Amino acid sequence: MLWVYTFIYYLIAGLLLPREFLKRPRDLRLKWLRDKFAIFKSKTNLYSRSFIWVHCVSVGEVIALSSLIKKLSKAYNILLSTITDTGQKVAKDRFKGLPVETIYLPLDCPFAIKRTLKAFNPKALIIAETEIWPNLIHIAAKKIPVFLVNARLSEKSFKNYQKVRFFIKKVLNRLTLVVVQDNIYQERFRALGVKEEKIVVTGNTKFDLEIPCVEFFWEGRVKKPVVIAGSTHHPEEELITKAFLSAVNQGTLLIVPRHPERFDEVFSQLNLMLDNLEDVKLYRLSALSKEFSDLKEAKRCILLIDQIGILGSLYRIGDLAIIGGSFIPHGGQNPLEAFYWKKPVVVGPSMENFPFIQEFLEKEACIQTTPEKLTETLEYFLKNPEKLKTLSEKAYQMYLSKTGATEKILHLLEKYL
């Protein structure tokens, strides 16, 4: 079955590579291509310390494992692979000055995986969440321990894997440990055939946040209240903007699209939408300068955040956070950065990707609403600051109670490293 998978992978990769190559900025294309084919200079004789290979698909996983990577980098060099360009950028910014080398994940082909292992000779491979690449796991496990950490398995992924259980069971049992976020995921991995002794529940590393306190030169110029719509998807920007304008006579809405390639598209949509509203001003963060003072002039301001990697720090200046990806059938985006800064959180009906939110909702530490009732929800809570304070305090205490997964994972890894 591994040979069948590899053959199919080669076919699909051959079809997709040209498109994936061309969609990247010109300055990234050569590095992306070299990394995908594992064209690396050998690093085994350049450093006195061993490498540990950590793979995170994108921004969310990089942030979730940040604390773990920083702690491991005290004793090891880190080879950090991602799939997305945004994951690369955030990783480079976040680990600047640390012994962390970032690459794009090589193709899941035997030749690419073997060449990467030969070039860096890592002591272990740590894979984040649900990045199950059969050749990567199978080949690496022959030489080094391979860990799936902060592991989760959505209901949709679980059902898909069940269809190929006869194959995926063998792949997963090549793993040294499957370190899962909670008991639900423990049961799902067990149902896929992972041996009981290989599964350990530690909690979710996404709770172990380290977010820098960034002072934005413009933050004192925006009118209160400040509502932050984080990691939005189409058409949530328009939906949230309409609700904000209907609920607020004075204030600021910060819109942070999930994908940077949508920045221009979102700005054009909002510009068209707000064209006839004289008391509303629309700005892009990239267009602001320290001399810019117009932010205070408009009663209501919409600021498009067209910069990646700063959402976590932005939540500090907000009065209320709206979580994107939750007002469409997407499964939601991560609300924990808002909880970290003690901010009240509003989510839509779709938060399946973050099942822990259910406990926050049950204990009234978070608000869930529908697109139709978003205006009413914003209006009520922004006019009742004491409700917002109670909400945020409850959420923060719950958040604190769930931290500590990183230390548990480190303790487990020490037995093998």
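Thresholds, definitions, all that
- Residues numbered from 1 in each chain as written.
- Predicted model: local features only at pLDDT ≥ 70, side-chain atom pairs only at ≥ 80, totals over all residues.
- Heavy atoms only, no water.
- Helix = DSSP H or I, 4+ residues; strand = E, 2+ residues; numbered from the N terminus.
- Buried < 20%, exposed > 50% of the residue type's maximum accessible area, 1.4 Å probe, protein only.
- Contact = heavy atoms within 4.5 Å.
- Areas by Shrake-Rupley, 256 points an atom, 1.4 Å probe, with all protein chains shown as cover.
- Phe/Tyr/Trp six-rings, centres within 6.5 Å; stacked < 30°, edge-to-face > 60°.
- Lys NZ or Arg CZ within 6 Å of the ring centre and 35° of its normal.
- Patch = residues over 30% accessible without salt bridge, like charges linked within 9 Å, V, L, I, M, F, W, Y side chains within 5 Å.
- Salt bridge = Lys/Arg side-chain N within 4 Å of Asp/Glu carboxyl O.
- Pairing = 2+ DSSP bridges.
- Axes fitted to C-alpha atoms, helices over the stretch in contact; angles between N-to-C directions.
- Core = buried A, V, L, I, M, F, W, Y, C linked by side-chain atoms within 4.5 Å.

Caption draft 1: Inspection of the overall build of the protein at higher detail. The helix and strand tally for the protein stands at 18 helices and 14 strands. The buried share of the protein, taken over its 417 residues, is 56%. In the protein, the proportion of contacts linking residues at least 24 apart, taken out of those at least 6 apart, comes to 68%. Looking at the protein as shown, the accessible area adds up to about 19300 Å², and 54% of this sits on carbon and sulfur atoms.

Caption draft 2: Fine view of the packing of aromatic side chains. In this structure the tally under the stated criterion is 18 aromatic pairs. Aromatic side chains Phe356 and Phe360 sit 6.1 Å apart centroid to centroid with 65° between the ring planes, which places their arrangement in the edge-to-face category. Across the pair, exposure class does not vary: Phe356 and Phe360 are buried alike. Taken together, the ring pairs in this structure connect Phe207, Phe339, Tyr340, Trp341, Phe354, Phe356, Phe360, Tyr396 and Tyr399 into an aromatic cluster. Here Arg29 stacks its cationic end above the ring of Phe21, 5.7 Å away from the centre of that ring. Cation over ring: Arg284 sits above Phe267, and NZ or CZ is 5.2 Å from the ring centre.

Caption draft 3: Focus on a nonpolar patch on the surface. On the surface, a nonpolar cluster with roughly 980 Å² of combined accessible area is contributed by Met1, Val4, Phe7, Ile8, Leu11, Ile12, Leu15, Leu16, Val164 and Phe166. Structurally, the position occupied by Ile8 is in helix H1 (residues 2–22).

Caption draft 4: Expanded view of the pattern of salt bridges. In the structure shown here, the tally under the stated rule is 25 salt bridges. Residue Glu129 is joined to Arg152 by a salt bridge in which the shortest nitrogen-to-oxygen separation is 2.8 Å. Of the two residues, Glu129 is situated in the loop between strand S4 (125–128) and helix H7 (134–140) and Arg152 in the loop between strand S5 (146–151) and helix H8 (155–163); the sequence distance between them amounts to 23 residues. In this pair, the class of Glu129 matches that of Arg152, namely buried. Several salt bridges converge on common partners, so that one network encompasses Arg19, Glu20, Lys23, Arg24 and Asp85.

Caption draft 5: Structural detail: the pairing of strand S1 (residues 51–55). A large share of S1 lies buried, amounting to five of its five residues. Here S1 shows a buried face lined by Phe51, Trp53 and His55 and a second buried face lined by Ile52 and Val54. As paired strands, S1 and S4 are joined by three bridges and run parallel to one another. What sits directly across from His55, in S4, is Ile127.

Caption draft 6: Representation of unusual backbone geometry. In this structure, Pro225 follows Lys224 across a cis peptide bond, with omega equal to -5°. Structurally, the position occupied by Pro225 is in the loop between strand S7 (199–201) and strand S8 (226–232). Put simply, His234 and Pro235 share a cis peptide bond, and its omega is 0°. Relative to the helices and strands, Pro235 resides in the loop between S8 and helix H11 (236–247). Even without glycine at this site, Glu129 takes up a positive phi of about 65°.

Caption draft 7: Local environment of the sheet that holds S5. Spatial ordering of the open sheet is given by S3-S2-S1-S4-S5-S6-S7, a layout of seven strands whose pairing is parallel. Each edge of the open sheet carries a strand with a single partner, namely strand S3 (100–104) and S7. Each adjacent strand pair in this sheet contributes to an overall mean axis angle of 20°, direction not counted. Summarising the sheet, S1 and strand S2 (residues 77–82) pair through five bridges and their orientation is parallel. By the bridge assignment for S2, Trp53 is matched with Leu79. On the sheet, helix H10 (residues 183–191) packs against S5, strand S6 (177–180) and S7 and is oriented at approximately 170° with respect to S7.

Caption draft 8: Fine view of the pairing of S6. Side-chain alternation along S6 places Leu177 and Val179 on one buried face and Val178 and Val180 on a second face that is also buried. As defined by bridge partners, S5 adjoins S6 across three bridges and the pair is classed as parallel. Its bridge partner lying in S6, Phe147 is registered against Leu177. Summarising the sheet, S6 and S7 pair through three bridges and their orientation is parallel. When the sheet's bridge partners are listed, Val179 is paired in S7 with Val200.

Caption draft 9: Local environment of the nonpolar core. In this structure, Val54, Leu80, Trp218, Leu254, Leu314, Phe339 and Phe360 are the most contacted members of the largest nonpolar core, which totals 70 residues. Not counting chain neighbours up to four residues away, the residues in contact with Trp218 comprise Leu254, Leu285, Leu288, Leu295, Leu303, Leu314 and Ile317. With 46 residues, the next largest nonpolar core counts Ile137, Ile139, Val146 and Leu148 among its residues.

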